[in-house]
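Listed below are the residues making up each chain.
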Amino acid sequence: MSELQPRTAPAAGSVPDPGRAARLAAEAARRDVRTRWVLSLPAITIITAAAAGPLLIVLVYSFLTPGPYGNVEWRFSVDAWINVVLQKDIFDDTWQWADAHLRIFWRSLELSFLTTVLTLVFGVPTAWFIATRSERTRAVWLFLITIPFWTNLLIRTIAVMELIRNEGVINSALIGIGVIDQPIQMMFTDFAIALGMTYVYLPLMVLPVYASFEKLDFRLVEAGYDLYASRRKMFLRIILPLVKPGIIAGSILVFIPSLGAYVTPRVLGGGKNLMLGNLIELQFGQGRNWPLGAALAITLMAMVMVALLYYVRVTGRGRRSYG
């Protein structure tokens, strides 16, 4: 009968092999990565099929020929991409700038930027007010801020329309107190679109800015006051640099959906103050030019990607500066 041999202990003073330990750690890391990929494979498949699939279809459509009654004909063409910024004269076949498209591009950028600025003007003081309340009342104020998200976008836009139309609340009140004799035309203007989008997207600015204010160490503010800093210097030199990531995140969250807004410009703009979303819908609908609509949609997506890349670059630089 054989006896079990006892395991020999390492000799005193022996040094473990660092190479073997590194190899074991690397193998464990590779196994962990493989496991994560396997577990995330269903989600990646769904995202690819649901997001990349339709986007690929739109991209393919942009290089095809429009059909006579909508749809597309499977003939390769780059006319849709050319017609995004250029158009051919119907009389002498010369190429000219597509003034209507360029005006809509400019109006979309202008109104999106204006909406971002207005939400910033109203959102930063609101976020500061909420962040400086007691912990018990903060939840109540945040609850009130998020209430508009519970209501359909169309209903909220119609509510704004009831305020600014000729027989609406504002004009009726001004006429009632004798300030004006005739209603002020606010509907179907760029002002109406900017006001509506500011109301709709204001919570998207307040919430990320509030998150930055909540993380703010108010002892730094007290130290600034102890060093006789004015309120202006306090805001510019201490508060603003610390909450800058929240302001940038809120600006991106407002600018991107404003750029592709459809419902609010359609209702408050009345069909004559088009934005990019309305122009894309027009090409797929009455215009019956699906390739041009697809090219405009890809162009809009490219503009959104530029904004996102700028956000990533700025926030990355901020982390390096403050981390």
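Note: the structure precedes this text.
These lines cover the structure that appears in this document, whether it is placed above or below. (Residues numbered from 1 in each chain as written. Predicted model: local features only at pLDDT ≥ 70, side-chain atom pairs only at ≥ 80, totals over all residues. Heavy atoms only, no water.)

Considering the overall build of the chain
A count of helical and extended segments in the chain gives twelve helices and four strands. Of the roughly 21,100 Å² of accessible surface on the chain, a fraction of 66% belongs to carbon and sulfur atoms. (Helix = DSSP H or I, 4+ residues; strand = E, 2+ residues; numbered from the N terminus. Areas by Shrake-Rupley, 256 points an atom, 1.4 Å probe, with all protein chains shown as cover.)

Some words on unusual backbone geometry
You will see that Asn71, though not glycine, has its phi angle at about 60 degrees, which is positive. Locating Asn71 in the fold gives a position in the loop between β1 (65-66) and β2 (72-73). The backbone of Arg288 shows a phi angle near 55 degrees, a positive value even though the residue is not glycine. Owing to a relative accessible area of 44%, Arg288 belongs among the partly exposed residues under this scheme. (Buried < 20%, exposed > 50% of the residue type's maximum accessible area, 1.4 Å probe, protein only.)

Thoughts on a nonpolar patch on the surface
Residues Phe129, Val140, Trp141, Phe143, Leu144, Ile147, Phe149, Trp150 and Leu207 make up a contiguous nonpolar surface patch of about 830 Å² in total accessible area. Broken down by element, the nonpolar patch gets its largest block of residues, four residues, from helix α4 (residues 135-146). Examined against the element boundaries, Phe149 turns out to sit in the loop between α4 and α5 (153-164). Here Phe149 falls in the partly exposed class, since its relative accessible area comes to 39%. (Patch = residues over 30% accessible without salt bridge, like charges linked within 9 Å, V, L, I, M, F, W, Y side chains within 5 Å. Salt bridge = Lys/Arg side-chain N within 4 Å of Asp/Glu carboxyl O.)

Some words on the pattern of salt bridges
Applying the stated criterion across every chain yields a total of ten salt bridges. For Arg34, the salt bridge goes to Glu27, with nearest N and O atoms at 3.6 Å. Two residues, Asp217 and Arg219, come together in a salt bridge whose shortest N-O distance is 3.0 Å. On the accessibility criterion, Arg219 (61% relative accessible area) is exposed.

A few points about the side chain of Ser77
By the element assignment, Ser77 lies in the loop between β2 and α2 (79-85). Excluding anything up to four places from it in sequence, Ser77 contacts Ser62, Phe63, Leu64 and Thr65. (Contact = heavy atoms within 4.5 Å.)

Remarks on the packing of helix α3 (residues 99-131) against helix α7 (residues 190-214)
Remark: α3 packs on α7, axes separated minimally by 6 Å, with the N-to-C direction vectors making an angle of 45 degrees. The orientation of α3 with respect to α7, classified from their angle, is oblique. The two elements α3 and α7 meet at a crossing, and its hand is right-handed. When its residues are assigned to classes, the contact of α3 with α7 shows 20 nonpolar, six polar and three charged. (Axes fitted to C-alpha atoms, helices over the stretch in contact; angles between N-to-C directions. Parallel < 35°, antiparallel > 145°, perpendicular 65-115°, else oblique. Left-handed = near helix turned anticlockwise from the far one by under 90°. Nonpolar A, V, L, I, M, F, W, Y, C, P; charged D, E, K, R; others polar.)

Concerning the environment of Asp92
Relative to the helices and strands, Asp92 resides in the loop between β3 (86-88) and β4 (95-97). Separated by 143 residues in sequence, Asp92 and Phe235 place their C-alpha atoms 60 Å apart.

Keep in mind these values describe shape, not function.
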